[in-house]
Amino acid sequence: MSETYLYRQAIPEQAQTDTSSQQRRQLSKLATIDSGSTVTDLGGDPNEITLRGQYRGRYADLMAEELDELFGPANSFDVVPYYSSTGRLRAAGYYALSSMDVGRADPRRASVQTFDGRLTREGTRQSHRRSLHVQPQRVHRTDYGNETRALVSIPSAASKRTWYKRETQERAPVSATETIACEGDQANVDLVDAQTVDLSPPYELVYDVSYEAGGQCDVVLWDDHGRSKIDDTGVPSWQWVFATSHEFCGVPIIDTGNIRIHLDETTGITVDQYTDTTWTTLDLPPTDWHLHDVDITTISPIRIEAHLTFTHNDNSDDSYTLRMLARRGRATTQFTVPSSVSTPTPSGLRDSLAPIADPSVRRPTSQLGLIARKEVRR
C-alpha cells in the first residue's frame with residue numbers, strides 16, 4: 001500500500017480496520033505513528049487540503065496528541081512536507097499547518113481517535129528550495145572552550161547547495177567540514193561552518209532535498225513513557241513531542257540522530273551514541289550535581305533548547321542553571337551560562353557534561369524555511 005506522510009507522520013491513504021504491527025515496524029525509522037485513516041483532499045482553494053481520518057489501536061491516543069502538537073503554536077514547525085512514499089501524489093509539496101482537531105471517536109474508548117486538519121500549500125520542490133537562515137552570534141559564556149566555528153548541519157542527501165544573501169543576491173560556495181552518521185535511511189548530515197562564509201550576515205544556506213530525506217536527520221524530542229523504544233510486540237512506543245507545554249509521562253529524551261540525551265530528574269543525565277548501526281551508552285564522569293529541573297524552551301526541526309537546573313547533593317539552596325542547545329545530527333551539545341549567572345560552571349558539573357559539550361563560543365542562530373527558486377536565479 002502506498003503511504004502518504006505529513007512531515008514524518010504516516011497518513012495511510014486508505015482506511016484500515018485493524019492496527020498493523022508489521023506496517024508500524026516498517027515505519028519505525030520514519031515516525032512513531034501507525035494508524036487507520038482516510039485522507040480527503042477537498043475542493044475550493046487549490047492551495048488548501050483537508051486531512052480527515054482515524055488512528056486506531058494501542059497507541060492511538062499518543063498518535064493523535066503528536067498530530068495535535070505538530071499543528072500547535074508552541075513549536076517552530078512552520079512549513080513541513082506532505083508527500084507519498086512512491087513519489088506519486090498530486091498534492092505533494094511544502095505546507096503551512098493551519099488547524100487540527102483531534103478527539104475520541106467514542107468517549108468511552110481511547111483506542112480510536114479522529115483527526116481533521118487543514119493545510120495550506122506554500123510551494124513545491126519545483127518552485128522552492130529549502131533555506132537555512134544563518135546569523136552567527138557569540139554566546140554569553142561557555143566554560144567548555146573557545147572554538148570560533150559556527151557549525152550548521154544539512155542533510156547529506158541535499159544537492160544544489162549555495163550560500164546566498166537575499167539583499168545583494170551574492171553567492172558563495174558551500175564546503176562541508178565533516179559528515180556525521182545518524183540512525184535511519186538518508187539521515188546522515190554534513191556539517192558546514194557558517195563562520196567562514198565570505199558574505200556579510202544575514203545569509204542563508206540554500207539547498208534541494210527530497211521531501212522524505214529532508215526530515216530524516218531532524219532533531220527529535222521524545223517522551224519515553226517509562227518504557228523501551230520498542231515494546232514487547234516489536235512496535236515503536238515512544239511519543240514524539242512537538243509542544244514545549246507537553247506534560248511528560250516519562251523521561252524527556254533529546255535525539256539528534258547521533259546522540260540521545262536522557263534528561264531524567266530522578267536518576268540524572270545519561271547519553272547513548274549511535275555508532276556502527278547500534279546505540280551504546282557513553283560513560284559520563286560521576287558528579288554530585290543532580291538534575292533538578294528540565295524546562296524545554298524551543299522545539300524545531302533543527303534545534304531543541306532547554307534550561308537545566310542542577311542542585312548540589314540535592315540541596316535546593318545550592319543550585320546552578322545551564323542553557324542547553326542540541327542541534328540535528330550533532331554529536332555534541334552546547335551548554336552555555338545564562339546572562340543572569342555570574343559564577344563559572346562548578347567543576348564537578350562541568351566535567352560530567354564534558355564528553356558531549358560543544359567547545360564553540362558561537363552559535364549559528366539558524367532557522368529552517370523556504371526560498372522561491374526565482375529569487376535564487378542568476
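Residues numbered from 1 in each chain as written. Predicted model: local features only at pLDDT ≥ 70, side-chain atom pairs only at ≥ 80, totals over all residues. Heavy atoms only, no water.

Novice: Sorry, what's going on with the sheet that holds strand β9 (residues 151-155) here?
Specialist: Adjacent strands of a sheet pair through backbone hydrogen bonds, lying either parallel or antiparallel. Taken together, three strands build an open sheet; the order of strands is β9-β13-β12 and the sheet is antiparallel. Because the sheet does not close on itself, it has two edges, and the strands there are β9 and β12 (176-180). The sheet shows a mean angle of 30° between the axes of neighbouring strands, direction not considered. In the sheet, β12 pairs with strand β13 (residues 189-193) via four bridges, with the strands oriented antiparallel. Note that in β13 the partner of isoleucine 180 across the bridge is valine 189. (Pairing = 2+ DSSP bridges. Helix = DSSP H or I, 4+ residues; strand = E, 2+ residues; numbered from the N terminus. Axes fitted to C-alpha atoms, helices over the stretch in contact; angles between N-to-C directions.)

Novice: I'm lost on the sheet that holds strand β26 (residues 367-372) in this one. Help?
Specialist: Taken together, five strands build an open sheet; the order of strands is β11-β10-β14-β7-β26 and the sheet is antiparallel. Two strands in the sheet have a free side with no partner beyond their single neighbour: β11 (170-172) and β26. Sheet twist, expressed as the average angle between the axes of neighbouring strands with direction ignored, equals 35°. Pairing of strand β7 (residues 128-134) with strand β14 (residues 203-208), which is carried by five bridges, proceeds in the antiparallel orientation.

Novice: Help me understand the pattern of salt bridges, please; the structure alone is not making it clear to me.
Specialist: Here the idea is simple: oppositely charged side chains can pair when their charged atoms come close. In the structure shown here, the tally under the stated rule is 21 salt bridges. Salt-bridge contacts for aspartate 190 lead to arginine 161; the nearest nitrogen and oxygen are separated by 2.8 Å. Of this pair, aspartate 190 sits in strand β13 while arginine 161 sits in strand β10 (residues 159-165), and the two are 29 residues apart along the sequence. By relative accessible area, which is 7% here, aspartate 190 ends up buried. Within the structure, one salt-bridge network assembled from shared partners comprises Arg303, Glu305, Arg323 and Arg363. (Salt bridge = Lys/Arg side-chain N within 4 Å of Asp/Glu carboxyl O. Buried < 20%, exposed > 50% of the residue type's maximum accessible area, 1.4 Å probe, protein only.)

Novice: Any chance you could explain the environment of valine 209 here in plain terms?
Specialist: Its place among the elements puts valine 209 in the loop between β14 and α3 (211-216). Separated by 51 residues in sequence, valine 209 and alanine 158 place their C-alpha atoms 4.6 Å apart. Setting aside its immediate chain neighbours within four residues, valine 209 contacts Tyr94, Arg125, Arg130, Pro155, Ala157, Ala158 and Gly214. (Contact = heavy atoms within 4.5 Å.)

Novice: Would you explain the packing of aromatic side chains in this entry?
Specialist: Two aromatic rings are characterised by how far apart their centres lie and by the angle between their planes. This structure, assessed with the given rule, holds 14 aromatic pairs. Consider the rings of phenylalanine 77 and phenylalanine 242, whose centres lie 5.1 Å apart with planes at 85°: the pair is edge-to-face. Of the two residues, phenylalanine 77 sits in the loop between α2 (60-70) and β4 (79-84) while phenylalanine 242 sits in the loop between β16 (239-241) and β17 (252-255), which places them 165 residues apart along the sequence. By the ring-pair criterion, three or more aromatic residues cluster together here, those being Tyr7, Phe77, Trp222, Trp238, Trp240 and Phe242. One residue, arginine 260, lies across the ring of tryptophan 279, its end atom 4.0 Å from the ring centre. (Phe/Tyr/Trp six-rings, centres within 6.5 Å; stacked < 30°, edge-to-face > 60°. Lys NZ or Arg CZ within 6 Å of the ring centre and 35° of its normal.)

Novice: Where do I start with the environment of glutamine 137 in this structure?
Specialist: With respect to the helices and strands, the residue glutamine 137 is situated in strand β8 (residues 137-138). On a C-alpha basis, the gap between glutamine 137 and valine 219 in space is 21 Å, while along the polypeptide they are 82 residues apart. Not counting the four nearest positions on each side in its chain, glutamine 137 is found in contact with Val361, Arg362, Arg363 and Thr365.

Novice: Is there a simple way to think about the nonpolar core in this case?
Specialist: The nonpolar side chains of a soluble globular protein tend to be buried with one another. One finds Leu6, Leu263, Ile269, Leu308, Phe310 and Phe335 to be the most contacted residues of the largest nonpolar core, which totals 70 residues. Looking at this core, the element that brings in the most residues is α2, giving six residues. Apart from residues lying up to four places away in sequence, phenylalanine 310 is in contact with Ile269, Trp289, His290, Leu291, His292, Asp318, Ser319, Tyr320, Leu322, Leu349 and Leu353. Counting 20 residues, the second largest nonpolar core, distinct from the first, contains Ala150, Val192, Tyr207 and Ile302. (Core = buried A, V, L, I, M, F, W, Y, C linked by side-chain atoms within 4.5 Å.)

Novice: Where do I start with the confidence of the model for the protein in this structure?
Specialist: Close reading of the predicted structure is inappropriate where its pLDDT is low. In the predicted model, the protein carries a mean pLDDT of 88, and the fraction of residues at 70 or more is 90%. Low pLDDT, under 50, characterises residues 14-39; the predicted model gives this stretch 84 contacts beyond four residues in sequence or across chains. (pLDDT = per-residue confidence, 0-100.)

Novice: Can you help me understand the side chain of arginine 327 in this one?
Specialist: Among the structural elements, arginine 327 can be located in strand β23 (residues 315-327). Given a relative accessible area of 8%, arginine 327 falls into the buried group. A distance of 3.0 Å separates polar atoms of two side chains, one belonging to arginine 327 and the other to glutamine 334. Apart from residues lying up to four places away in sequence, arginine 327 is in contact with Leu151, Val219, Thr256, Ile302, Arg303, Gln334, Asp358, Arg363 and Pro364. (Polar contact = N/O pair within 3.5 Å; in protein donor to acceptor, adjacent residues only side chain to side chain.)

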